[in-house]
Amino acid sequence: MIEALAQGIANVEDDLSASDVLASIRSERATENAAAARQLDLAARWADLHPPESIHHAATFTVPGCEHEEPIAGEGAPLVAEFCIAELGAVLGMSTTSAKKLIGQALELRHRLPRLWAQVQSGAVPAWKARSVAEVTIHAVPTLTVEAAAHVDAQVAAVAGRIGPAQLDRLVAETIKRFDLAAPDPTSDPEDGYLYIDPRHATLHDEDVDFGGTMHFDAVLGIADALDLGHAVSQDAAAQKALGSTESLDVRRSKALGNLARAQTAFDLSPVGGRAAGEERADGSKPERANTPSAREVVIHAHFDATTDGETTVFGPTGRMENGQRLVLLDQVQGWCADTHTKVTIKPVIDLNTELSAPGYEIPKWLREQIALRDGICVYPWCPRPARRADVDHIIEYDHDAEAEGRDQPGPTTTSNLACLCRFHHRLKTHSSWTYTMVAPGVFEWTSPHGHRYLRDRHGTVALARAPERP
């Protein structure tokens, strides 16, 4: 029967003409836009249900780290009780940071860009376009006042949101000047028509890593800096070719940037006793060379599959790079370590399945290392923050009075009672009614205040059946 049903669906699909396909996909896009507009409205309503007044403290004094009000949109938009953001993000299957953006953009549109908000709700402007405008007005520097945001709203709504990123940046810059939100930059052209905003930047996109081991690095430089860098890169690329490199010009230029970075950080330019390293003193002696960092330091935690026949160990071709939880080729690691400017540190193998423990509340480095290697990232649902920069939390709270009162310690400092939580989610767990338990080594089950449950391990998060809501 299932096969017959599947065949029937296939026949229906096969019967669609080209016009039918276009009509159907257009209808689906309209449905998608309507759902996104509704989601923005619901995100704003969720914020309405959690104003700062909803934060209740057990006493008149404030406990360090407890919930506070969060400004997530521009001037004139309401504040929000910060912990509510995490629960909405978990329900939507996104990080708390992404949920904060969603709610903030919804409030920005509804309160500071009402014309654009109305067009989104009527279906005239897709939600994603309006959100991109809200993101710019929220983070404009200097901050847009209510009146300035209203001016941007009027201009964008007049063209029904049909404005590109460059046009939007120019509009915001003109608005900043129109409302005298900042003194004109002395380097700007007074007849240019808008306030000059310095566009220079150098940005490493380390969230986007290709399997081949590449990242995007974008930069906007001053003319002199750009010409100098271009000349240096061209020289290095030519030198690589002269030394026998058969790689393409683009690849050689890319490698040249890395060579420049490593060579520069390897230079000893730091002064010693007020003089550059190597410079002679008045008495003819030379100061000791300053301790400068290596150009590159590779700290290796080996996570490669390996087989052994008793005599020879053969490693698999791929492993896992702890920084960002990405795949890495064994050949790449060997290449990193082969560079003469590289300092290599090999950490001892830690058995992640061994139950370790420490007396008292403080977590020693060797135990913290095991927990960070086991968890990889913050163990809150969908949180991507690395464990190396997270707190290590006692899942069952450590009782500081247990020993003095002769009781067993309910929350010991052991492998099975510790987990990595970023600072925000550590505060969330401590000062809200979110709860979690470790159901297996490195596997955690979370329950939200409204009874939503999630299973989190190092591979990701899975939503579970909802538990009965707690009062």
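Preceding this section is the structure that the text describes.
In this text the structure is predicted, and so the values were computed from the model without any measurement.

K.L.:
Describe in detail the sheet that holds strand E16 (residues 435-440), supporting the description with residues and values.
P.N.:
The sheet built from 4 strands is open, its strands ordered E16-E17-E18-E19 with antiparallel pairing. Pairing within the sheet leaves two strands with one partner each, and these edge strands are E16 and strand E19 (460-464). The average undirected angle you get between the axes of adjacent strands in this sheet is 25°. Relative to E19, strand E18 (residues 453-457) runs antiparallel, the two sharing 5 bridges. When the sheet's bridge partners are listed, Tyr454 is paired in E19 with Ala463.

K.L.:
So what's going on with the packing of aromatic side chains? Residues and values would help.
P.N.:
If you walk through the whole model with that rule in mind, you get 9 aromatic pairs. Where Trp434 meets Tyr454, the ring centres are 6.4 Å apart and the plane angle is 25°; that geometry is what we call stacked. Taken together, the positions of Trp434 in the loop between helix H13 (423-431) and E16 and Tyr454 in strand E18 put the pair 20 residues apart, joining distant regions of the chain. Residue classification places Trp434 among the buried residues on the basis of a relative accessible area of 3%. Where Tyr436 meets Phe444, the ring centres are 6.0 Å apart and the plane angle is 45°; that geometry is what we call tilted. As far as the burial class goes, Tyr436 and Phe444 line up, both buried. Connected via pairs of aromatic rings, a cluster forms that spans Tyr380, Trp382, Trp434, Tyr436, Phe444, Trp446 and Tyr454.

K.L.:
I'd love a proper account of helix H2 (residues 18-48), names of residues and values included.
P.N.:
Spanning 31 residues, H2 covers 45 Å between terminal C-alpha atoms, matching the ideal 45 Å at 1.5 Å per step. For H2, every residue scored as buried is listed here: Ala37, Leu40, Asp41, Ala43, Ala44, Trp46 and Ala47.

K.L.:
Any chance you could break down the pairing of E18 for me, citing the residues and the numbers?
P.N.:
Burial along E18 is one-sided: Tyr454 and Arg456 are buried, while Arg453, Leu455 and Asp457, pointing the other way, are not. Sheet topology note: the strand E17 (residues 443-447)/E18 ladder contains 4 bridges and is antiparallel. If you follow Glu445 over to E18, its bridge partner there is Leu455. If you look at the hairpin formed by E17 and E18, you'll find 5 residues sitting between the two strands, and Gly451 has a positive phi there, around 85°. Here E18 folds back onto E19 in antiparallel fashion, the turn holding 2 residues.

K.L.:
How would you sum up a nonpolar patch on the surface? Please name residues and give values.
P.N.:
On the surface, Leu221, Leu229, Leu257 and Leu260 cluster together into a nonpolar patch covering about 290 Å² of accessible area. For Leu260, the location among the structural elements is in helix H10 (residues 249-266).

K.L.:
How would you summarise the packing of helix H6 (residues 127-138) against helix H8 (residues 165-178) if you had to cite specific residues and measurements?
P.N.:
Interaxial distance between H6 and H8 falls to 11 Å at its minimum, and their mutual angle equals 35°. As H6 runs across H8, the sense of the crossing is right-handed. Facing H6, whose interface residues are Ser132, Val133 and Val136, H8 presents Leu168, Asp169 and Val172. Class assignment for the residues of the contact of H6 with H8 results in 4 nonpolar, 1 polar and 1 charged.

K.L.:
Let's hear about the state of the cysteines: which residues, and what values?
P.N.:
As enumerated under the stated definition, the model contains 0 disulfides in all. Of all cysteine sulfurs in the structure, the one in Cys378 sits closest to Cys420, which takes part in no disulfide; the separation is 8.3 Å.

K.L.:
Which residues make up the pattern of salt bridges, and what values go with them?
P.N.:
In this structure the tally under the stated criterion is 17 salt bridges. For the salt bridge of Arg115 with Asp153, the shortest nitrogen-to-oxygen distance reads 3.9 Å. One end of the pair, Arg115, is in helix H5 (residues 114-122); the other, Asp153, is in helix H7 (residues 146-158), with 38 residues separating them in the sequence. For Arg115, a relative accessible area of 46% gives the class partly exposed. Taken together, the shared-partner salt bridges connect Arg38, Asp41 and Arg45 into one network.

K.L.:
Describe the side chain of Thr413, and please don't skip the residues or the numbers.
P.N.:
With respect to the secondary-structure elements, Thr413 resides in strand E14 (residues 413-414). Classification of Thr413 as buried rests on a relative accessible area of 1%. In terms of polar contacts, Thr413 uses its side chain to reach the backbone carbonyl oxygen of Gly360, at 2.6 Å. Looking at Thr413, its side chain comes within polar contact range of the side chain of His394, at 2.9 Å. Contact partners of Thr413, with chain neighbours within four places excluded, come to Leu356, Ser357, Ala358, Gly360, Tyr361, Glu362, Ile363, Leu367, His394, Tyr398 and Leu418.

Procedures and definitions
- Residues numbered from 1 in each chain as written.
- Predicted model: local features only at pLDDT ≥ 70, side-chain atom pairs only at ≥ 80, totals over all residues.
- Heavy atoms only, no water.
- Pairing = 2+ DSSP bridges.
- Helix = DSSP H or I, 4+ residues; strand = E, 2+ residues; numbered from the N terminus.
- Axes fitted to C-alpha atoms, helices over the stretch in contact; angles between N-to-C directions.
- Phe/Tyr/Trp six-rings, centres within 6.5 Å; stacked < 30°, edge-to-face > 60°.
- Buried < 20%, exposed > 50% of the residue type's maximum accessible area, 1.4 Å probe, protein only.
- Expected span 1.5 Å × (residues − 1).
- Patch = residues over 30% accessible without salt bridge, like charges linked within 9 Å, V, L, I, M, F, W, Y side chains within 5 Å.
- Areas by Shrake-Rupley, 256 points an atom, 1.4 Å probe, with all protein chains shown as cover.
- Salt bridge = Lys/Arg side-chain N within 4 Å of Asp/Glu carboxyl O.
- Left-handed = near helix turned anticlockwise from the far one by under 90°.
- Contact = heavy atoms within 4.5 Å.
- Nonpolar A, V, L, I, M, F, W, Y, C, P; charged D, E, K, R; others polar.
- Disulfide = S-S within 2.5 Å.
- Polar contact = N/O pair within 3.5 Å; in protein donor to acceptor, adjacent residues only side chain to side chain.

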